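Chain residues, written in single-letter form:
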Amino acid sequence: MKIGIILGTRPEFIKMAPIIRELEARKADFFLLHTGQHYSANLDGIFFEQLNLPKPRHALGVGSASHAEQTAKILTSAEKVLLEEKPDCVLVQGDTNSVLAGALAAAKLQVKVGHVEAGLRSYDRTMPEEINRVIADHCAEYLFAPTEKAKAILRGEGIPAAKIFVTGNTIVDAVFQNVEIARARVSLSNWRVSPNQYVLVTVHRQENIHNKERFTAILEGLEKVAAELKLPVLYPVHPHSRKMMEQFKLKPAGLTLLEPLDYLSFLLLENHARLILTDSGGVQEESCVLKVPCVTLRDNTERPETIEVGANLLAGTAPDKIMDCSREMLGRDRSWANPFGDGKAGKKTVSILLRSSHG
Ligand code: UD1
Ligand code: UDP
């Protein structure tokens, strides 16, 4: 079986890495197609380097554009590559525009699609990611669901059980494979902080940063947290957020704004944080796996398992609610269970794919 892996953004590099590692170990026939959705060195090259990912055989270099333009460019260029490579299956991971376009290009050519991290739903169609994940799921022949809950959602949408495989989430594999390396190679002294004596933040969701009121309210909430806890608040700022901060002339006081961090640095900072505040999908999962309390700066989440086990609370964007949720999470016992699997999702995914090609 020849497998094409289509990927294009930071979380896809991280969550696809365990699958790529396993394909390499089994000497499977596969190639990488990098859409170029992320291209800045600190969102792209550094992850290939740290995760030891092979050089993509195809690099589309699409860059940034409106949703339609970016999706269309990927769709057109990916089709050419798929016609030339003729893979038996294309794998995509998550919910970005690269995933939508990659899945659609393959499905239209009747190449089987495998969707890693299938069945997540926020039920919020204002999120571009919700549209992308619904379409990718419905293009897919193999749906790799991280949890039983995700499988039940897919069944509820009429997808046959035979196409759905509960594997766990490859983020657990990535955390297990890299946290010790991060501990050995990176030191908290780089940021002049000590274990448990700082708060870590990320904010980059379009619905938060494109809306001046929401973004302002979030930053006010973070300032409150910094002032009340009297702890440094480290915030590596995604370039998209940096751009909107400049456009809205937002200048948060009392927060330590950083450039986007490499994976090992970020993982170490997550590992030792007192509290994490985020609107990221992957960071909600990682904090849950690492047993660090999380407050989610959104009104909904497609990762409800994190809330059910007691690792996460939805705060929305009101400053007082952000503070209240932070206080509550700081009081929580951290002994919750990890709902995202045993760290073997990559191996399971590859076994299912390779087995299906013999059957
Ligand atoms: C994308 C995904 C989002 C994911 C995130 C991971 C979509 C719709 N969004 O958001 O789901 O959570 O990646 O980080 O697919 N930019 C750079 N350098 C880059 C890439 C982007 O500076 O390498 C800046 C540009 O100003 C660009 C903006 O970020 O216009 C947005 O980039 P885009 O790829 O559209 O979305 P992300 O916000 O990165
Ligand atoms: N991450 C990182 N450096 C940072 C911020 C995040 O390496 O400065 C990693 C983080 O460990 C997680 C992933 O990026 O695995 C999450 O990506 P992001 O928040 O951009 O996207 P989402 O998961 O929301 O789609």
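Since we're looking at a predicted model, the values are computed, not measured.

(A) Spotlight on the site of ligand 1. In the region of ligand 1, 18 residues are neighbours, and His38, Tyr39, Ser40, Glu129 and His240 sit closest. Glu129 places a polar side-chain atom, nitrogen or oxygen, 2.6 Å from an oxygen atom of ligand 1. In the environment of ligand 1, an oxygen atom lies 3.0 Å from a nitrogen or oxygen atom belonging to the side chain of Lys243. For the shell around ligand 1, the class distribution of residues is 4 nonpolar, 11 polar and 3 charged.

(B) Quick look at the nonpolar core. Counting 57 residues, the largest nonpolar core has Ile5, Leu91 and Leu269 as the members making the most contacts within it. When residues of this core are assigned to their parent elements, the largest contribution, 7 residues, is made by helix H1 (residues 10-25). Leave out the neighbours within four places in its chain, and Leu269 touches Leu188, Trp191, Val193, Tyr198, Leu200, Leu234 and Leu261. Leu219, Leu229, Val233 and Leu275 belong to the second largest nonpolar core, which has 30 residues in total.

(C) Inspection of the sheet that holds strand E10 (residues 256-258) at higher detail. Strand order in the open sheet formed by 6 strands is E10-E9-E8-E11-E12-E13, with parallel pairing between adjacent strands. The open sheet has two free edges, formed respectively by E10 and strand E13 (312-314), since each of these has just one partner strand. Neighbour-to-neighbour, the strand axes of the sheet open up by a mean angle of 20 degrees, direction not taken into account. Contacts between helix H12 (residues 281-290) and the sheet are confined to strand E8 (199-202), strand E11 (275-278), strand E12 (294-296) and E13, with E11 contributing the most and set at about 160 degrees to the helix.

(D) Just the pattern of salt bridges, in detail. In the structure shown here, the tally under the stated rule is 27 salt bridges. Here Arg121 ties to Glu157 by a salt bridge, and the two come within 2.8 Å at their closest N and O atoms. You can see Arg121 sitting in the loop between strand E5 (112-116) and helix H5 (128-139) and its partner Glu157 sitting in the loop between helix H6 (148-156) and strand E7 (164-166), a full 36 residues away along the chain. You can call Glu157 partly exposed: its relative accessible area is 29%. When the shortest N-O distance is used, the salt bridge between Glu141 and Lys163 registers 3.4 Å. Separated by 22 residues along the polypeptide, Glu141 in the loop between H5 and strand E6 (142-145) and Lys163 in the loop between H6 and E7 bring together distant segments of the chain. Judged by its relative accessible area of 34%, Glu141 is partly exposed. The class for Lys163 is partly exposed, based on a relative accessible area of 24%. Taken together, the shared-partner salt bridges in this structure form one network comprising Lys15, Asp95, Glu117, Glu130, Arg133, Glu285, Arg298, Glu302 and Arg303.

(E) Structural view of the sheet that holds strand E1 (residues 2-7). Strand order in the open sheet formed by 7 strands is E3-E2-E1-E4-E5-E6-E7, and the pairing between neighbours is parallel. Only two strands of the sheet have a single neighbouring strand rather than two, namely strand E3 (58-59) and E7. Pairing between E6 and E7: 3 bridges, direction parallel. Counted as the bridge partner of Phe144 is Phe165 from E7. Sheet strands in contact with H1 are E1, strand E2 (29-34), strand E4 (89-93) and E5, and its direction is about 160 degrees off that of E1. The strands touched by helix H4 (residues 97-108) within the sheet are E1, E4 and E5, with E4 carrying the most contacts at an inclination of about 165 degrees.

(F) Local environment of the side chain of Glu305. Looking at the element boundaries, Glu305 is found in helix H13 (residues 304-308). Comment: no salt bridge for buried Glu305; closest opposite-charge side chain is Lys149, at 6.1 Å. Within the structure, Glu305 has its side chain in polar contact with the side chain of Thr147 (distance 2.7 Å). Beyond its immediate sequence surroundings of up to four residues, Glu305 is in contact with Thr147, Lys149, Pro339 and Phe340.

(G) View of the site of ligand 2. Near ligand 2, the surroundings consist of 18 residues, among which Arg10, Leu261, Ser280, Gly282 and Glu286 are the closest. Within the contact set of ligand 2, an oxygen atom lies 2.8 Å away from a side-chain nitrogen or oxygen of Arg10. At a separation of 3.1 Å, an oxygen atom of ligand 2 approaches a polar side-chain atom of Arg205. Protein chains shield 95% of the accessible area of ligand 2, which is 540 Å² for the free molecule. At the level of secondary structure, the elements contributing two or more residues to the shell around ligand 2 comprise H1, helix H11 (263-272) and H12.

(H) Region of the structure containing the packing of aromatic side chains. Inspection of the entire model under this criterion finds 4 aromatic pairs. A centroid spacing of 6.5 Å and a plane angle of 35 degrees characterise the contact between Tyr142 and Phe165, whose relative ring orientation is tilted. Of this pair, Tyr142 sits in strand E6 while Phe165 is found in strand E7, placing the two residues 23 residues apart along the sequence. Since its relative accessible area comes to 8%, Tyr142 is described here as buried.

(I) Seen up close, helix H10 (residues 239-247). Within H10 the residues assigned to the buried category are Ser241, Met244 and Met245. Buried residues of H10, viewed axially, fall in a sector of 105 degrees; they line one side. Opposite the buried face of H10, at more than 90 degrees from it, the exposed residues are Lys243, Glu246 and Gln247. For H10, the elements touching its buried residues are helix H8 (206-209), helix H9 (212-229), strand E9 (233-236) and E10. Looking at the residues trailing H10, positive phi occurs at Lys249, about 55 degrees.

Calculation criteria
Residues numbered from 1 in each chain as written. Chains lettered and ligands numbered in written order. Predicted model: local features only at pLDDT ≥ 70, side-chain atom pairs only at ≥ 80, totals over all residues. Heavy atoms only, no water. Near = heavy atom within 4 Å. Polar contact = N/O pair within 3.5 Å; in protein donor to acceptor, adjacent residues only side chain to side chain. Nonpolar A, V, L, I, M, F, W, Y, C, P; charged D, E, K, R; others polar. Core = buried A, V, L, I, M, F, W, Y, C linked by side-chain atoms within 4.5 Å. Buried < 20%, exposed > 50% of the residue type's maximum accessible area, 1.4 Å probe, protein only. Helix = DSSP H or I, 4+ residues; strand = E, 2+ residues; numbered from the N terminus. Contact = heavy atoms within 4.5 Å. Pairing = 2+ DSSP bridges. Axes fitted to C-alpha atoms, helices over the stretch in contact; angles between N-to-C directions. Salt bridge = Lys/Arg side-chain N within 4 Å of Asp/Glu carboxyl O. Lys, Arg positive; Asp, Glu negative; His and termini not counted. Areas by Shrake-Rupley, 256 points an atom, 1.4 Å probe, with all protein chains shown as cover. Phe/Tyr/Trp six-rings, centres within 6.5 Å; stacked < 30°, edge-to-face > 60°. Arc of directions from axis to C-beta.

Remember that the coordinates give geometry; whether it matters functionally is a separate question.
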